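Commentary on secondary and tertiary structure
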Amino acid sequence: MRLRHSALALSAATAALLLATATSASASADGGSVVDPTRGASAWFKHDGDVFWSRDLKADGHSAVVRVYVPSAGIAHNLWNSNGSGSTRSQIYGEAIPEGSVVYYQACIGEYGTGEIIACTPGWASAVA
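This structure is a prediction, so every number in the text was calculated from the model and none was measured.

Tallied over the entire structure, the rule returns 1 disulfide. Paired through a disulfide, cysteine 108 and cysteine 120 show a sulfur-sulfur distance of 2.1 Å. Negative torsions about the S-S bond denote left-handed disulfides, and the value of about 100° found for cysteine 108 with cysteine 120 makes this one right-handed. Here cysteine 108 is found in strand S7 (residues 102-111), whereas its partner cysteine 120 is found in strand S8 (residues 116-120), with 12 residues between them in sequence. In this structure, cysteine 108 and cysteine 120 share a single accessibility class: buried.

Okay, the sheet that holds strand S3 (residues 51-56) next. Overall, antiparallel pairing links the 4 strands, which are arranged S1-S2-S3-S6 in an open sheet. Lying at the two open borders of the sheet, with one neighbouring strand each, are strand S1 (34-36) and strand S6 (88-92). The mean inter-strand angle of the sheet, taken between neighbouring strand axes irrespective of direction, is 10°. Here S1 runs beside strand S2 (residues 41-46); their pairing, made up of 3 bridges, is antiparallel. In the sheet register, aspartate 36 faces S2, and the bridge partner there is alanine 41.

We now examine the confidence of the model for the protein chain. With 79% of its residues at a pLDDT of 70 or more, the protein chain shows a mean pLDDT of 83. For residues 1-26, every residue scores under 50 in pLDDT, and the model assigns this stretch 1 contact once sequence neighbours within four places are set aside.

Before going further, it helps to spend a moment on the environment of glycine 61. Relative to the helices and strands, glycine 61 resides in the loop between S3 and strand S4 (63-70). Looking at glycine 61, the relative accessible area reads 69%, which means it is exposed. In sequence terms glycine 61 and serine 85 are 24 residues apart; their C-alpha atoms lie 8.5 Å from each other.

This part covers the nonpolar core. Grouped together as the largest cluster of nonpolar side chains are 20 residues, with contacts concentrated most on Phe45, Phe52, Val66, Val68, Ile97, Val103 and Tyr105. With near-sequence residues (within four places) excluded, phenylalanine 45 lies in contact with Ala29, Asp30, Gly31, Asp50, Val51, Phe52, Val103, Tyr105, Ala127, Val128 and Ala129.

Now for unusual backbone geometry. Residues other than glycine seldom take positive phi values, yet aspartate 50 does so here, at roughly 50°. By the secondary structure assignment, aspartate 50 is in the loop between S2 and S3.

On to the pairing of strand S5 (residues 75-81), then. As paired strands, S4 and S5 are joined by 7 bridges and run antiparallel to one another. Considered in S5, the bridge of valine 68 is made with histidine 77. The hairpin turn running from S4 into S5, its antiparallel successor, is 4 residues long, and glycine 74 in that turn takes a positive phi close to 70°.

Conventions used here
- Per-chain numbering applies: the sequence of each chain, read as written, is numbered from 1 onward.
- Whole-chain, interface and lining totals are the exception, using all residues; otherwise, since this is a predicted model, local features are given only for residues with pLDDT of at least 70 and side-chain atom pairs are given and counted only at 80 or more.
- Derived side-chain values reflect all non-hydrogen atoms in the structure, with water molecules and hydrogen atoms excluded from consideration.
- When the sulfur atoms of two cysteines come within 2.5 Å, that pair is taken as a disulfide.
- Runs of H or I in DSSP of at least four residues are treated as helices and runs of E of at least two as strands, each being numbered from the N terminus.
- Under the scheme applied here, a residue whose accessible area is under 20% of the maximum for its type counts as buried, over 50% as exposed, and between as partly exposed, the area being computed with a 1.4 Å probe on protein chains only.
- Strand pairing is assigned whenever DSSP detects at least two bridges linking the two strands.
- Between the N-to-C directions of two axes lies an angle of 0 to 180 degrees, each axis being a line fitted to C-alpha atoms and, for a helix, fitted only over the stretch in contact.
- One confidence number per residue, pLDDT, is output by the predictor and ranges from 0 to 100.
- Note on definitions: a residue-residue contact is assigned when non-hydrogen atoms from the two residues lie within 4.5 Å.
- For our purposes a nonpolar core is just a set of buried Ala, Val, Leu, Ile, Met, Phe, Trp, Tyr and Cys residues, chained together by side-chain atoms within 4.5 Å.

This is the structure:
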């Protein structure tokens, strides 16, 4: 009987810990890296300062691009990194994105001169500002 009470108490404590962790993580969270090694681009988001990053992974003449979409703030923007293979570029949005907003992003490649997006990772990654 005593073992059953201990197991029940442990289960309740674990559930409370998971609930607390899930609640605090939803307040703001970095987004994961979105990497497309075939096309040669990666993108990621850091909630501290609301910064998007773009990295060019391939010497192919194309630019790496991060498509940024924050519907609650009216932001739909392309962050171009035309500095060549191995380079990284960031854009700080700061107060333009309200805390708690969901941000969406994709890693893409494109032609900087014409502004044409050639291809992007499927779907959108998301994070909370």
